[in-house]
Amino acid sequence: MEARVRGHGLMIRSKDHEPWPTTRRPRSEAMLILSWGQILALLLLFVRTAIVGLANSSCSGSPLSAQDCAALSSLSLHGHITFATATSPASSSDFGRIHRRLPRSILYPSSVRDIASLVRAVHDTSSPLRIAARGAGHSVAGQAQAGDGVVIEMGSLRGIKVSEGKPGEQPYVEAMGGELWIDVVRESLKYGLAPRSLTDYLFLSVGGTLSNAGVSGQAFRYGPQISNVLELEVVTGNGEIVRCSPVDHADLFFAVLGGLGQFGIITKAKINLERAPQKVKWIRALYSDFKAFTRDQELLIARPKDSPNSFDYVEGSVIVNNNHPSNEYKPIPFHGQTLNASLIPPSAGPVLYCLELTKNYDEDESATIDETVSSLLAPLGHVPSLVFSKDASYFEFLNRVHDGEIRLRKKGLWDVPHPWMNLLVPKSKIEEFDALVFREILRKGINGPLLVYPLDKMKWDSRTSVVMPDENIFYLVGMLRYATPSGVPSVNSLVDQNKEILRVCKSAGIHLKQYIPQLSSEEEWREHYGSSWSLFLRRKLAYDPKAILAPGQNIFAPSSSTLKLSSAL
């Protein structure tokens, strides 16, 4: 057979006949004319048949049931799906490097409909499969894993669109759930804009941080990232694609924000932007007295944004007061600066405290910024001779943690176990926490950054799913530790120390909450959510009644989940 194109159709004929005349076709000619639409349909059918055949071939060797294999292989996708083997390390692990759960299948979506199709296929059958959306894989306790289930690699779902807004309107950015914050920042800065609230580390996915909260030293002013979202696009556990906001489908909107992936997969977010400064004056001041350290932090976060006495970033940390190689004072001075340890007051205890601040400014303010910052620092209670500062571009400051990542990668200390723990401690108990934890349990260090800074509950929306302490001011304590390849300290010893901290605090009556919680039983989750547990269950029943989503959080058992939820309500 051979084919020729004439006009708007394709003509197919047998080789045995002579070429077609230009004016007329013989009646005996065996000929078929197809429109371009018919041709495209045939090609798509051919390609789909080939892909499904290949998928079924790959699926045949997987532990999936015949029913699940057929359901997943027959999905009509813009992206593609693979069937996991032991050679799928990324989708079965995370930054924590402690838990590893191998999925049976991995979806690489090219559209939101790909995700909805997968969720709907699982929802509409009796399949035991569960689904986890994985962004940058920066969770530390398997939260984005789906053992024997399906992992959605959200990184293949990308797209960023910045809107400067009309005069008098708030600028915003729309970003797909798989986008990284570093790319959102880069794109926004092209317009002289930036998100109002960011995390310290920017190589995290939009959907990932919004499923938790997203905090840093900027959160005292605008609240966490989830307080700066205008609209979401979500795929629920029913497989529905829903656009939601504080006005439309508000219950789903607030459920998903900080919802640990339990109510829906965030596929797109519309986020507030503000004008970005050109530069920052970046300051680190050392404290030996914890009361002065916390008093100053609370004073600074209480100042209004427009006050000339305000800073734009307030974050604290704890360091060990000794010269052990793993606990030197390196985090405090900037590159090229040194800390004279003899200037540390003799009254200082086993740990010291570092207050990190920034003051935003533009080039035309360069001549006065030093004087401005000096006047702001003057009344604070830090050690006067132990203050360090530098000027940096706004992007350099926002991307500051990445420089540390590069250094750790060179030393082989990035892709190692990270038994992190983040706590929210009430203001009234932070001094007791300092005495019991910082100055006792952790007096020799944690082998990594130890953050402690205050947050204002009034900047958090109580309608979201995030759980906070009862007091208006509470402290985030971030123990960002890592285990070295040498095994000293070991992963188990660091995990045991985390458990000891929780046990000691509970015995002392310090009613803290875990941020990005790592809990394993229904009793622990009930205690964590407290009075909001019934609302959490109601939302689960409404938006993911079969408990398909985010099984790595270990909140709901995979079997008989609907029955358990229904009876609980």
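Residues numbered from 1 in each chain as written. Predicted model: local features only at pLDDT ≥ 70, side-chain atom pairs only at ≥ 80, totals over all residues. Heavy atoms only, no water.

Participant: Would you explain the overall build of the protein in this entry?
Facilitator: The number of helices and strands found in the protein is 16 helices and 21 strands. Taken over 569 residues, the protein has a buried fraction of 52%. Long-range contacts, defined as pairs at least 24 residues apart, comprise 71% of the intrachain contacts of the protein with a sequence gap of at least 6. As displayed, the protein offers around 25,800 Å² of accessible surface, 53% of which is attributable to carbon and sulfur atoms. (Helix = DSSP H or I, 4+ residues; strand = E, 2+ residues; numbered from the N terminus. Buried < 20%, exposed > 50% of the residue type's maximum accessible area, 1.4 Å probe, protein only. Contact = heavy atoms within 4.5 Å. Areas by Shrake-Rupley, 256 points an atom, 1.4 Å probe, with all protein chains shown as cover.)

Participant: Would you mind going over the packing of helix H12 (residues 430-441) against helix H13 (residues 491-507) with me for this structure?
Facilitator: In helix packing, the relevant descriptors are the interaxial angle and the interaxial distance, both defined with respect to the helix axes. Packing of H12 against H13 brings their axes to within 10 Å, and their N-to-C directions diverge by 155°. When the axis of H12 is compared with that of H13, the two are roughly antiparallel. Handedness of the crossing formed by H12 with H13: right-handed. Of the residues in H13, those in contact with Phe433, Leu436, Val437 and Ile441 of H12 are Gln497, Glu500, Ile501, Val504 and Cys505. Its residues assigned to classes, the contact of H12 with H13 comprises 7 nonpolar, 1 polar and 1 charged. (Axes fitted to C-alpha atoms, helices over the stretch in contact; angles between N-to-C directions. Parallel < 35°, antiparallel > 145°, perpendicular 65-115°, else oblique. Left-handed = near helix turned anticlockwise from the far one by under 90°. Nonpolar A, V, L, I, M, F, W, Y, C, P; charged D, E, K, R; others polar.)

Participant: In this structure, what is going on with the nonpolar core? I would like to understand it.
Facilitator: As a rule of thumb, soluble globular proteins bury nonpolar side chains together. Trp181, Val206, Leu210, Leu232, Leu286, Trp460 and Trp533 are the most contacted members of the largest nonpolar core, which has 83 residues in total. At 5 residues, helix H7 (residues 250-256) tops the list of elements feeding residues into this core. Excluding residues that lie within four positions of it along the chain, Trp181 makes contacts with Pro195, Leu198, Leu202, Leu204, Ser205, Val206, Thr209, Leu210, Gln225 and Ile271. Counting 42 residues, the second-largest nonpolar core is a separate cluster that includes Phe220, Ile283, Val351 and Tyr361. (Core = buried A, V, L, I, M, F, W, Y, C linked by side-chain atoms within 4.5 Å.)

Participant: Got a minute to help me understand the pattern of salt bridges in this structure?
Facilitator: Note on pairing: side chains with opposite charge can pair once their charged atoms come close. Taken as a whole and judged by the stated rule, the model has 28 salt bridges. As a salt-bridge pair, Arg243 and Glu174 come within 3.5 Å of each other at their nearest N and O atoms. With Arg243 in strand E12 (residues 241-244) and Glu174 in strand E9 (residues 172-176), this pair connects stretches of sequence that are 69 residues apart. Its relative accessible area of 37% is what places Arg243 among the partly exposed residues. One continuous salt-bridge network, built from bridges that share partners, spans Arg97, Glu405, Arg409 and Asp415. (Salt bridge = Lys/Arg side-chain N within 4 Å of Asp/Glu carboxyl O.)

Participant: I'm lost on the sheet that holds strand E7 (residues 150-153) in this one. Help?
Facilitator: The strands making up a sheet are joined through hydrogen bonds of the backbone, oriented either antiparallel or parallel. Strand order in the open sheet formed by 4 strands is E4-E5-E7-E6, and the pairing between neighbours is mixed. The open sheet terminates on both sides in strands that have one partner only, identified here as strand E4 (80-83) and strand E6 (131-134). Strand after strand, the sheet turns through a mean of 20° between neighbouring axes, direction not considered. In this sheet, E7 lies alongside strand E5 (residues 105-108) in parallel orientation, the contact comprising 3 bridges. When the bridges of E7 are listed, Leu107 appears paired with Ile152. (Pairing = 2+ DSSP bridges.)

Participant: It is not clear to me how the environment of Ser127 should be interpreted in this structure. Could you clarify?
Facilitator: Inspection of the secondary structure puts Ser127 in the loop between helix H3 (112-123) and E6. We classify Ser127 as buried; its relative accessible area is 9%. Expressed as a C-alpha distance, the spacing of Ser127 and Ser65, which sit 62 residues apart in the sequence, is 8.9 Å. The residues touching Ser127, leaving out its near neighbours within four places in the chain, are Asp68 and Val122. Among the polar contacts made by the side chain of Ser127, one reaches the side chain of Asp68 at a distance of 2.8 Å. Within the local environment of Ser127, its side chain forms a polar contact with the backbone nitrogen of Leu129, the two atoms lying 3.0 Å apart. (Polar contact = N/O pair within 3.5 Å; in protein donor to acceptor, adjacent residues only side chain to side chain.)

Participant: Sorry, what's going on with the side chain of Asp200 here?
Facilitator: Of note, Asp200 is situated in the loop between strand E10 (193-195) and helix H5 (206-210). Within the local environment of Asp200, its side chain forms a polar contact with the side chain of Tyr313, the two groups lying 3.4 Å apart. Of note is the side chain of Asp200, whose polar atom sits 2.5 Å from the side chain of Arg400. Beyond its immediate chain neighbours, meaning those up to four positions away, Asp200 contacts Val215, Ser216, Gly217, Tyr313, Glu315, Leu398, Arg400, Val401 and Leu451.

Participant: How should unusual backbone geometry be read in this particular structure?
Facilitator: Negative phi is the rule for most residues except glycine; trans is the rule for most peptide bonds. Residue Pro489 is reached from Val488 by a cis peptide bond, and omega for that bond is 0°. Of note, Asp148 is a non-glycine position whose phi angle comes to about 60°, a positive value. Judged by relative accessible area, which is 46%, Asp148 ranks as partly exposed. Its identity is not glycine, yet Ala547 carries a phi of approximately 50°, on the positive side. Counting through the fold element by element, Ala547 comes out in the loop between helix H15 (533-543) and helix H16 (561-568).

Participant: Please clarify how helix H9 (residues 369-377) should be interpreted in this entry.
Facilitator: At 3.6 residues per turn, the α-helix brings residues three or four places apart onto the same side. Restricting attention to buried positions, one finds in H9 the residues Ile369, Val373, Leu376 and Leu377. The buried residues of H9 occupy an angular sector of 95° when projected down its axis, which confines them to one face. Each element contacted by the buried residues of H9 is listed here: strand E14 (279-287), strand E16 (351-361) and strand E17 (387-393). (Arc of directions from axis to C-beta.)

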